[in-house]
Amino acid sequence: MKRFAWRELQLATDNFSKKNVLGQGGFGKVYKGVLPLSNVDVAVKRMSHESRQGMKEFVTEVVSIGRLRHRNLVQLLGYCRRKGELFLVYNYMPNGSLDKYLHCEEHKAVLNWDKRFRVVKGIATGLLY
């Protein structure tokens with residue numbers, strides 16, 4: 001598990017620019033970035049250190065998800081801690097997350113039965129893992 005420098009994440013996300021926001025959840029925003037040295041696309045989750053629940057989620061993700069390697073799960077590449085802020089760095093998913101397709105948030109078309117079956121099989125392999 002790599003510990004990223006804050007400056008590296010700042011450069012990757014263009015100083016956490018609004019144009020790079022991929023989404024927002026209960027623990028903070030997720031930004032698209034490109035790592036400056038390796039040119040790898042990443043998603044950077046920026047979390048507030050202020051809530052105990054945020055810190056608990058941070059530690060859980062680093063310890064447990066950091067060890068997982070499966071083709072149907074996004075890979076946690078590393079983390080960063082800086083002045084009360086916590087950052088998780090994941091592989092970037094260019095097609096977005098599965099929930100957007102299932103809930104048709106961005107795509108008007110409903111998944112056909114063949115695609116739905118492939119999704120179910122993929123979820124099952126992830127759960128079995």
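(A) Seen up close, the overall build of the chain. Each helix and strand counted, the chain has four helices and six strands in total. In the chain, the succession of α and β elements from N to C terminus is β-α-β-β-β-α-β-β-α-α. Evaluated residue by residue, the chain yields a buried proportion of 29% over its 129 residues. Considering only residue pairs separated by 6 or more positions, the chain has 48% of its internal contacts joining residues 24 or more positions apart. Surface summary for the chain: the accessible area is close to 8900 Å², and the carbon and sulfur share equals 55%.

(B) Spotlight on the confidence of the model for the chain. Here the chain shows a mean pLDDT of 81. Residues at 70 or above account for 78%. The lowest-confidence element of the chain is helix α3 (residues 98-102), averaging 67 in pLDDT; the highest-confidence one is helix α1 (residues 6-12), averaging 96.

(C) Examining the pairing of strand β5 (residues 76-82) more closely. Here two bridges tie strand β1 (residues 2-3) to β5, and the two strands are oriented parallel to one another. Counted as the bridge partner of K2 is G78 from β5. Remark: two residues form the turn of the hairpin made by β5 and strand β6 (residues 85-91), two consecutive strands paired antiparallel; K83 in that turn has positive phi of roughly 45 degrees.

(D) Local environment of the environment of N39. Residue position: N39 is located in the loop between β3 (28-34) and β4 (41-48). Distance in space between the C-alpha atoms of N39 and A12 is 8.9 Å, their sequence separation being 27 residues.

(E) Layout of unusual backbone geometry. Look at F16: it is not a glycine, yet its phi comes out positive at around 55 degrees. Structurally, F16 is set in the loop between α1 and β2 (21-25). Positive phi is not limited to glycine here, since N39 has a value of about 60 degrees. On the basis of relative accessible area, N39 is assigned to the exposed category, the value being 61%.

(F) Focus on helix α4 (residues 113-128). Here α4 is 16 residues long and its end C-alpha atoms lie 22 Å apart, about the 22 Å a rise of 1.5 Å per residue gives. Along α4, the positions that sit buried rather than exposed are V119, G122 and G126. One side of α4 holds all its buried residues, which, seen down the axis, span an arc of 65 degrees. Facing away from the buried side of α4, by more than 90 degrees, are the exposed residues W113, F117, V120, L127 and L128.

(G) A positive patch on the surface, seen in detail. Taken together, R71, K115, R118 and K121 make up a surface patch of like positive charges. The topology assignment puts K115 in helix α4.

(H) The arrangement of the packing of aromatic side chains in detail. Scanning the model with the defined rule gives two aromatic pairs in all. With a centroid separation of 5.2 Å and 80 degrees between ring planes, the pair formed by F16 and Y31 is classed as edge-to-face. Within this pair, whereas F16 is found in the loop between α1 and β2, its partner Y31 is found in strand β3, the two being separated by 15 residues in sequence. Judged by its relative accessible area of 8%, F16 is buried. Taken together, the ring pairs in this structure connect F16, Y31 and F87 into an aromatic cluster. In this arrangement the basic side chain of K32 is found over the ring face of Y92, its NZ or CZ atom lying 4.6 Å from the centre. Directly above the aromatic system of W6 lies the positively charged group of R82, at a separation of 3.8 Å from the ring centroid.

About the thresholds
- Counting from 1, residues in each chain are numbered in the order their sequence is written.
- Selection of residues for local features in this predicted model requires a pLDDT of at least 70, selection of side-chain atom pairs for listing and counting requires 80 or more, and totals for whole chains, interfaces and linings are taken over all residues.
- Water and hydrogen atoms play no part in the side-chain values, which are based on all heavy atoms of the structure.
- Only DSSP runs of H or I reaching four residues or more are called helices, and only runs of E reaching two or more are called strands; each is numbered from the N terminus.
- Note on exposure labels: buried denotes an accessible area under 20% of the residue type's maximum, exposed denotes more than 50%, and partly exposed covers the range between, all computed with a 1.4 Å probe on protein chains only.
- When checking whether two residues touch, look at their non-hydrogen atoms; a contact exists if any pair is within 4.5 Å.
- Surface accessibility in these figures is a Shrake-Rupley result with a 1.4 Å probe; residues are shielded only by whichever protein chains are displayed.
- Think of pLDDT as the predictor's per-residue confidence, scored from 0 to 100.
- What makes two strands pair is DSSP finding at least two bridges between them.
- Multiplying 1.5 Å by the helix residue count minus one yields the expected span of that helix.
- Directions are taken from the helix axis to each C-beta atom, and the arc is the one they span.
- Candidate patch residues must exceed 30% relative accessible area and have no salt bridge, after which like charges are joined if within 9 Å and Val, Leu, Ile, Met, Phe, Trp or Tyr side chains if within 5 Å.
- The term salt bridge refers to a pairing of a side-chain nitrogen on Lys or Arg with a carboxyl oxygen on Asp or Glu at a separation within 4 Å.
- Charge counting treats Lys and Arg as positive and Asp and Glu as negative, with His and both chain ends excluded.
- For the purpose of locating charges, the reference atoms are NZ of Lys, CZ of Arg, CG of Asp and CD of Glu.
- Working definition: rings of Phe, Tyr and Trp (its six-membered ring) pair if their centres are within 6.5 Å, and the pair is stacked with planes under 30 degrees apart, edge-to-face with planes over 60 apart, and tilted otherwise.
- Think of it as a cone above the ring: NZ of Lys or CZ of Arg counts as a charge over the ring if it is within 6 Å of the ring centre and within 35 degrees of the ring normal.

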